[in-house]
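A closer look at the structure
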Amino acid sequence: MSDVATANFLVEEIGGKRRVGDMIHAAVKELNKRFPHKTDPQNKWTERRLRGWWNRESNVVRHFQMMELYDTAEQLRKARRDHADFMEKTTRMRAVAQLTAAHGTGGMAQD
């Protein structure tokens with residue numbers, strides 16, 4: 001897999017599966033939040049850079065860019081897994097609470 005193909009895969013992971021323009025915009029926003037490059041504006045994340053990779057107009061992905069893409073995608077994957085686990089646990093807790101309320105036990109043993 002080429003560097004550009006890998007970068008595009010990571011951009012899609014970061015920006016989410018949606019319209020290309022929206023995906024790129026979301027990815028740039030996330031990347032700039034995590035890696036603002038305030039002291040080095042030439043390396044700032046831009047929509048033009050990501051669109052250049054997406055449209056195969058550029059075939060250069062620098063090492064620091066790939067590392068930032070990978071790190072961001074990995075952190076978002078972990079956050080999504082944690083959120084899914086949280087939702088699963090709260091759904092189970094809600095179901096138990098509803099069963100308890102329906103049976104009127106209130107979680108207390110009855111004599």
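Described below are features of the structure shown in this document. (Residues numbered from 1 in each chain as written. Predicted model: local features only at pLDDT ≥ 70, side-chain atom pairs only at ≥ 80, totals over all residues. Heavy atoms only, no water.)

**Brief notes about the packing of helix H1 (residues 3-15) against helix H2 (residues 20-34)**
Close contact between H1 and H2 brings their axes to 8 Å; oriented N to C, the two are set at 85°. As judged from the angle between their axes, H1 and H2 are roughly perpendicular. Note on element contacts: H2 touches H1 through Met 23, Ala 26, Ala 27, Glu 30 and Leu 31, opposite Val 11, Glu 12, Ile 14 and Gly 15. A per-class count over the contact of H1 with H2 returns six nonpolar, one polar and two charged. (Axes fitted to C-alpha atoms, helices over the stretch in contact; angles between N-to-C directions. Helix = DSSP H or I, 4+ residues; strand = E, 2+ residues; numbered from the N terminus. Parallel < 35°, antiparallel > 145°, perpendicular 65-115°, else oblique. Contact = heavy atoms within 4.5 Å. Nonpolar A, V, L, I, M, F, W, Y, C, P; charged D, E, K, R; others polar.)

**Brief notes about the pattern of salt bridges**
Counted under the stated rule, the structure contains nine salt bridges. One salt bridge connects Glu 12 with Lys 17, and the closest N-O pair in it is separated by 3.6 Å. You can call Lys 17 exposed: its relative accessible area is 71%. (Salt bridge = Lys/Arg side-chain N within 4 Å of Asp/Glu carboxyl O. Buried < 20%, exposed > 50% of the residue type's maximum accessible area, 1.4 Å probe, protein only.)

**Some remarks on the packing of H2 against helix H4 (residues 63-103)**
At a minimum axis distance of 11 Å, the contact between H2 and H4 shows a crossing angle of 100°. In terms of orientation, H2 and H4 fall into the roughly perpendicular class. The residues of H4 that touch H2, namely those facing Glu 30, Leu 31 and Arg 34, are Glu 68, Leu 69, Thr 72, Gln 75 and Leu 76. Class assignment of the residues belonging to the contact of H2 with H4 gives a composition of three nonpolar, two polar and three charged.

**Focus: the packing of aromatic side chains**
This structure, assessed with the given rule, holds one aromatic pair. Between Trp 45 and Trp 53, the aromatic rings sit 6.1 Å apart at their centres with planes inclined by 75°, giving edge-to-face as the arrangement. Neither residue differs from the other here; Trp 45 and Trp 53 are each classed as buried. (Phe/Tyr/Trp six-rings, centres within 6.5 Å; stacked < 30°, edge-to-face > 60°.)

**Some points on helix H3 (residues 47-54)**
Note on helix geometry: an α-helix contains 3.6 residues per turn, so any two residues three or four positions apart are oriented the same way. Listed as buried for H3 are Leu 50, Gly 52 and Trp 53. Buried residues of H3 fall within an arc of 155° about the axis and therefore sit on the same side. Where the residues of H3 are buried, they touch H1, H2 and H4. One or two residues past the end of H3 sits Arg 56, with phi positive at roughly 60°. (Arc of directions from axis to C-beta.)

The analysis is restricted to geometry; functional conclusions fall outside its scope.
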